[in-house]
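An overview of the molecular structure
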Amino acid sequence: QALRGVLEEQIVSCSLENMNIFCSVWFREGVCSATTPFLLLGDVLDCLPLDQCDKIFSFVEENVSTWKSSTFYSAGKNYLLRMCNDLLRRLSKSQNTVFCGRIQLFLARLFPLSEKSGLNLQSQFNLDNITVFNKNEQDSTLGLQHTEVKEEGMDVEEGEMGDEDAPAPCTIPIDYNLYRKFWTLQDYFRNPVQCYDKFSWMTFLKFSDETLAVFKSYKLDDMQASKRKLEEMRTAAGDHVYFAKFLTSEKLMDLQLSDSNFRRHILLQYLILFQYLKGQVKFKSSSCVLNDDQSLWIEDTTKLVYQLLKETPPDGDKFASMVEHILNTEENWNSWKNEGCPSFVKERPAETKPIRPSRKRQAPEDFLGKDRNRLLWNLNHDNMEACKSDSREFMPSLEEFFVEAIEQADPTNMVEDEYKVVRNSNYGWRALRLLSRRSPHFFQPTNQQFKSLADYLENMVIKLAKELPDLPSEEIKTGEDDDENGDNLLKDSNDSPSIQSKAVTNSQMDEIAAKLGSKWKTVADHLEMSEKEIRVIESDSEDVELQAKMLLVAWQDREGPQATMESLVTALNSAGFSNITEGLSET
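What you see is a predicted model, and the numbers here were worked out from it, not measured in a lab. (Residues numbered from 1 in each chain as written. Predicted model: local features only at pLDDT ≥ 70, side-chain atom pairs only at ≥ 80, totals over all residues. Heavy atoms only, no water.)

Moving on to the overall build of the chain. For the chain, the helix and strand inventory stands at 27 helices and 0 strands. Going through the 587 residues of the chain one by one, you find that 35% of them count as buried. For the chain, long-range pairs separated by at least 24 residues make up 73% of all intrachain contacts whose partners lie at least 6 apart in sequence. Per element, the accessible surface of the chain, about 37,500 Å² overall, is 51% carbon and sulfur. (Helix = DSSP H or I, 4+ residues; strand = E, 2+ residues; numbered from the N terminus. Buried < 20%, exposed > 50% of the residue type's maximum accessible area, 1.4 Å probe, protein only. Contact = heavy atoms within 4.5 Å. Areas by Shrake-Rupley, 256 points an atom, 1.4 Å probe, with all protein chains shown as cover.)

Turning next to the packing of helix H4 (residues 50–62) against helix H7 (residues 97–110). It is the contact of H4 with H7, at a shortest axis distance of 11 Å, that shows an interaxial angle of 25°. Here H4 is positioned roughly parallel relative to H7, judged by the angle of their axes. By crossing handedness, the relation of H4 to H7 is classed as left-handed. Between H4, through Leu50, Cys53, Asp54, Phe57, Ser58, Val60 and Glu61, and H7, the contact on the second element is made entirely by Phe99, Arg102, Ile103, Phe106 and Arg109. Within the contact of H4 with H7, the residues separate by chemical class into 7 nonpolar, 1 polar and 4 charged. (Axes fitted to C-alpha atoms, helices over the stretch in contact; angles between N-to-C directions. Parallel < 35°, antiparallel > 145°, perpendicular 65-115°, else oblique. Left-handed = near helix turned anticlockwise from the far one by under 90°. Nonpolar A, V, L, I, M, F, W, Y, C, P; charged D, E, K, R; others polar.)

Within the structure shown, the criterion is met by 6 cavities of 30 Å³ or more. Taken together, Leu121, Ser123, Val281, Lys282, Phe283, Asn334, Lys337 and Asn338 make up the full set of residues lining the largest cavity. Residues belonging to the lining of the largest cavity are distributed by class as follows: 3 nonpolar, 3 polar and 2 charged. (1 Å grid on protein atoms, 1.4 Å probe; cavity = no way out; pocket = protein on both sides within 12 Å on 5 of 7 lines; lining within 4 Å. Points joined across faces, edges and corners; volume = space filled by probe spheres on them.)

Before going further, it helps to examine the confidence of the model for the chain. With 72% of its residues at a pLDDT of 70 or more, the chain has an overall mean of 76. When pLDDT is averaged over each element of the chain, helix H14 (residues 292–311) comes out on top at 95 and helix H21 (residues 482–495) at the bottom at 43. In the model, residues 366–370 has pLDDT below 50 throughout and makes 6 contacts with residues more than four positions away in sequence or in other chains. Long-range and interchain partners of residues 477–500, a stretch whose pLDDT sits below 50, account for 28 contacts in this model, where long-range means more than four residues apart. (pLDDT = per-residue confidence, 0-100.)

This brings us to unusual backbone geometry. Residues other than glycine predominantly adopt negative phi, and peptide bonds predominantly adopt the trans conformation. Of note, the bond from Pro313 into Pro314 is cis; its omega dihedral lies within 30 degrees of zero at 0°. For Pro314, the location among the structural elements is in the loop between H14 and helix H15 (316–338). Residue Cys341 is not a glycine yet carries a positive backbone phi of 55°. Residue placement: Cys341 occurs in the loop between H15 and helix H16 (365–368). Its relative accessible area of 5% is what places Cys341 among the buried residues. In this model, Glu528 sits at a positive phi of 60°, which is unusual for a non-glycine residue.

A cluster of nonpolar side chains, contributed by Leu113, Trp333 and Phe344, occupies part of the molecular surface with about 300 Å² of accessible area. Locating Trp333 in the fold gives a position in helix H15. A relative accessible area of 33% means that Trp333 is categorised as partly exposed. (Patch = residues over 30% accessible without salt bridge, like charges linked within 9 Å, V, L, I, M, F, W, Y side chains within 5 Å. Salt bridge = Lys/Arg side-chain N within 4 Å of Asp/Glu carboxyl O.)

Look at helix H9 (residues 176–190) against helix H10 (residues 198–217): their axes get within 9 Å of each other, and the N-to-C directions meet at 125°. The angle between H9 and H10 places the two elements in the oblique class. Crossing hand, H9 versus H10: left-handed. Each of Leu178, Arg180, Lys181, Phe182, Thr184, Leu185, Tyr188 and Phe189 in H9 lies in contact with H10, whose residues at this interface are Ser200, Thr203, Phe204, Lys206, Phe207, Ser208, Glu210, Thr211, Val214 and Phe215. Split by residue class, the contact of H9 with H10 holds 9 nonpolar, 5 polar and 4 charged.

This part takes up the nonpolar core. Burial of nonpolar side chains together is a common tendency in soluble globular proteins. In terms of nonpolar packing, the biggest core is built from 44 residues, with Phe204, Phe215, Tyr270, Leu277 and Leu309 touching the most fellow members. Contributions of two or more residues to this core are made by H9, H10, helix H12 (253–257), helix H13 (260–278), H14 and H15. No other element matches the 9 residues that H13 contributes to this core. Filtering out sequence-adjacent residues up to four positions away, Leu309 remains in contact with Arg264, Leu267, Leu271, Gly316, Phe319 and Ala320. (Core = buried A, V, L, I, M, F, W, Y, C linked by side-chain atoms within 4.5 Å.)

Put into structure tokens, the structure is as follows:
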């Protein structure tokens, strides 16, 4: 406690360098633990006002390389994350935007790119970012009063801008209808999933066409006045001018349409929205698919947006090419997240000395002689023919091996189950090996469930008895219709490819996840998922259906090509969900 009090006084008095040196030296000497500086920083930031926290955080930023060292990283990463989150909760997103951005940049520098706790794996949106505007036409100041308000606004602008710098009048009148449609589009930019709904898409299409028509007809040519205003704002308020939210006042609509930065913001929102709608995102629902008309409209509108960006001064061509490059780079990040966010750090392979090619010494002539057939491995003049010789065939045929089992399966012989050869574990092991080499039934998928290996072999013996020509198959009866059902099932599986031999599709995973619900943990054990992976899935989402979908996606990523429907059906049956496997669709 005494040590902690001394260090807190050092921090409060801004002797931060001394505190850093003290903690490093004392940790190496064993006086304090590696978490001591993080505990002190957290306590001090909780006690100080925000203006002094800014100075303390500057010290934290400057020493990010120290926090990433092996001495402090593992011990202090959670403390630094908690400290930054506490600061963000105290700061205002609209008034302390720069400080909030510094904290986010610090966390990005501290944690590696593959740290999943800092990634938006599920492509979620900030649905709380709602743009507020006047939705009551009766309270609108546009329409009849628009002319008077505009004249008053122009009087003010004329004092700041010369007559030659005044923007050209808009060719499309600005009324409440245009104002409402323009700001309604922000709700689609906030939640792009709405565009997959048929009726919402029609509304978005109509409003977008009218908005882009305004941008297309209202060109921005003269930027001298805007440049002078920008220089005056920089002189008065510094180099950075930033607004956290859009200003949605009706009186500003005319001026906003004349502002190049505002126009670029809106057009860039369109490009980001289009990229999400066309992109392949793993956690998208199976219903989030564009039809041909929607894809064609997005393709044409994207070209129009880029054309408008190039026509927007200053440096429109340069800005448009830079935006296109950034969005193309974003596609790589989307692919990286779809692949499960693999680490960018690759282990260096162990250095191995190059192996020199060895020269094979020729055998002396007197050893081989002219007749090479004297050697043991050349007793036959053709080695391949020697390998194909009948004397080298050690594997029995199906008739020879299963003849006894087929005779015991005949009910007329009245052999009790405990005395049948299929009950012998050694016989069962050899039977499985022989079936895998010679019988096509071994790899045929089936929905029949067998309690033991003996039951499975008995079923296979009945099938073989009906196929082998030299054995009497008519006498083998089971007394039930299970064989006929099995034959029909076998015919179905031969006529058409089984669903179980295919890869699991996204729609099938959605169907299984919806049926599993909160019982997905039972299947997780049979899919050999670790406790750590289960905890990560639980922490990523509270929706049980989404958790079940994430379980199946994680299993598919881990298994790769081996993640077939057959293995998934086996796991579901083992977990007691045979009712789910029976109702699976083949789509």
